[in-house]
Structures are given as structure tokens and as C-alpha cells.
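Listed below are the residues making up each chain.
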Amino acid sequence: MWINHIFLGFIGLVCGLSVASGAFAIAVKLGIIPQMAGKSKTANRIITYENATIAGGIAGNILSIFSDLRLPVGHIFLGLYGLGAGIFIGCMAVALAEIINAYPILYRRIKLKIGLKWVLCSIALGKMGGCLFYFISGYGGE
């Protein structure tokens, strides 16, 4: 019976790695990580960005496969993890939108020239509010 568990674990790990490699391939092809490093003026730490991305992908795969795995790290770590994951997803979304020039096209069409930082802040606050509402209400209104 244990051979079935090992086999299924191996298949799950391989499938997760293939999906994660596809997601990383999109990030690499679009140049999101170097662009984030360039915008934040931390290009001298590009290896740290890449290592953190790889470590996060590996950890995400392991935790998604072994979902019964419980880590006794407490609520503070959970909050820090949520903050880090939210910042990462937000940075990826903004970098992707910037690469495809979504915001500049929108600003040009609505003739917005003053207050761009306030529009971006309101978009970020709206996304944060929506996420908080989603999580507080119980993952889809259960």
C-alpha cells in the first residue's frame, strides 16, 4: 500500500513542478523579475530575487502536495506569509500590466495627466479591500 502513496506523491510532485515551471517561464519570458529589480533600483541583488522565487516555488509545491502538513509557526508567521504573498502577487500584476502597457493606454484614453499616484494607490487599496472582504466573509460566502 505504501508504494501507491510514494507513486502518487511522485506524480503530484512532477505535475506541480511542471505547472510551476510554466508559471516561471512566463515570468522569465516577460522579464518581470529583472523589471521589478530595475524599478526598485535593486538590480545588484537579482540573484537574491531569483533564489527567492525558486525557493518559493519549491515550498509552494511541497505545501500544496502535502496539504496535511502542519507547521507550528504561529499566527505571526501566517500574517507575515500573507503579507509577503500579497506583495509578490501585487508586484507581479503591476509588472505584467506595465509590460503590456495597460495603464499608460488607459491613462491616455481618459486623458489623465495629474494624480496618477493617487489612482494607483486607490487601485491597490481597492484590491486589498476586496481581498479582506473575501477572506473575512469565509472564502466565498460559505
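Residues numbered from 1 in each chain as written. Predicted model: local features only at pLDDT ≥ 70, side-chain atom pairs only at ≥ 80, totals over all residues. Heavy atoms only, no water.

**Topic: the overall build of the protein**
Thinking step 1. Looking only at helices and strands, the protein has 6 helices and 0 strands in total.
Thinking step 2. Counting from the amino terminus, the protein carries its helices and strands in the arrangement α-α-α-α-α-α.
Thinking step 3. Expected size for 142 residues packed as a compact globule is a radius of gyration near 14 Å; at 19 Å, the protein overshoots this value by more than 25%.
Thinking step 4. By its C-alpha atoms, the protein is 65 × 40 × 25 Å across when sized along the principal axes.
Thinking step 5. In the protein, buried positions account for 10% of the 142 residues.
Thinking step 6. In the protein, 51% of the contacts between residues at least 6 apart in sequence involve partners at least 24 apart.
Thinking step 7. Summing over all exposed atoms, the protein offers an accessible surface of approximately 11400 Å²; the carbon and sulfur share of this is 74%.
Thinking step 8. Charged side chains in the protein number 11 positive and 4 negative. The centres of these two groups are separated by 20 Å. (Helix = DSSP H or I, 4+ residues; strand = E, 2+ residues; numbered from the N terminus. Rg over C-alpha atoms; globule rule 2.2 N^0.38 Å. Buried < 20%, exposed > 50% of the residue type's maximum accessible area, 1.4 Å probe, protein only. Contact = heavy atoms within 4.5 Å. Areas by Shrake-Rupley, 256 points an atom, 1.4 Å probe, with all protein chains shown as cover. Lys, Arg positive; Asp, Glu negative; His and termini not counted. Charge placed at Lys NZ, Arg CZ, Asp CG, Glu CD.)

**Observations regarding helix 6 (residues 116-136)**
Thinking step 1. With 21 residues, helix 6 should reach 30 Å at 1.5 Å per residue; the first-to-last C-alpha distance of 30 Å fits that figure.
Thinking step 2. Positive backbone phi, approximately 100 degrees, marks G138, located one or two places after helix 6. (Expected span 1.5 Å × (residues − 1).)

**Describing the environment of A20**
Thinking step 1. Looking at where A20 falls in the secondary structure, it is placed in helix 1 (residues 2-30).
Thinking step 2. Of the residues examined, A20 reaches a relative accessible area of 16% and is grouped as buried.
Thinking step 3. Distance from A20 to N44, taken between C-alpha atoms, is 26 Å for residues 24 residues apart in sequence.

**A closer look at the packing of helix 2 (residues 32-39) against helix 3 (residues 46-65)**
A pair of packed helices can be characterised by two numbers: the angle between their axes and the separation between those axes.
Thinking step 1. Following both chains from N to C, one finds helix 2 and helix 3 inclined at 135 degrees, their axes separated by 10 Å at the closest point. When the interaxial angle is binned, helix 2 and helix 3 end up oblique. In this structure, the crossing between helix 2 and helix 3 has a hand that is right-handed. For the pair helix 2 and helix 3, the contacting residues are I33, P34, M36 and A37 in the first and I46, Y49 and T53 in the second.
Thinking step 2. Considered class by class, the residues forming the contact of helix 2 with helix 3 number 6 nonpolar, 1 polar and no charged. (Axes fitted to C-alpha atoms, helices over the stretch in contact; angles between N-to-C directions. Parallel < 35°, antiparallel > 145°, perpendicular 65-115°, else oblique. Left-handed = near helix turned anticlockwise from the far one by under 90°. Nonpolar A, V, L, I, M, F, W, Y, C, P; charged D, E, K, R; others polar.)

**Some details on the side chain of T42**
Thinking step 1. When you line up the elements, T42 lands in the loop between helix 2 and helix 3.
Thinking step 2. Within polar-contact distance, the side chain of T42 engages the side chain of Y49 at 2.7 Å.
Thinking step 3. If sequence neighbours within four positions are ignored, T42 has contacts with A37 and Y49. (Polar contact = N/O pair within 3.5 Å; in protein donor to acceptor, adjacent residues only side chain to side chain.)

**Points about helix 3**
Thinking step 1. In this model helix 3 runs 29 Å from its N-terminal to its C-terminal C-alpha over 20 residues, within 8% of the 28 Å that 1.5 Å per residue would give.
Thinking step 2. Among the residues making up helix 3, those that are buried are T53, G57 and N61. Down the axis, helix 3 shows its buried residues gathered within 65 degrees of arc, on one side only. Seen from the open side of helix 3, the exposed residues pointing more than 90 degrees away from its buried face are I47 and T48. (Arc of directions from axis to C-beta.)

**Focus on the confidence of the model for the protein**
Thinking step 1. A residue-level look at the protein finds 90% of positions with pLDDT of 70 or above and a mean pLDDT of 77.
Thinking step 2. Mean pLDDT across the elements of the protein ranges from a minimum in helix 5 (residues 102-109), with 73, to a maximum in helix 6, with 80. (pLDDT = per-residue confidence, 0-100.)

**Remarks on the environment of V94**
Thinking step 1. Mapped onto the secondary structure, V94 falls in helix 4 (residues 74-99).
Thinking step 2. Between the alpha carbons of V94 and I32 there is a distance of 9.4 Å; along the sequence they are 62 residues apart.

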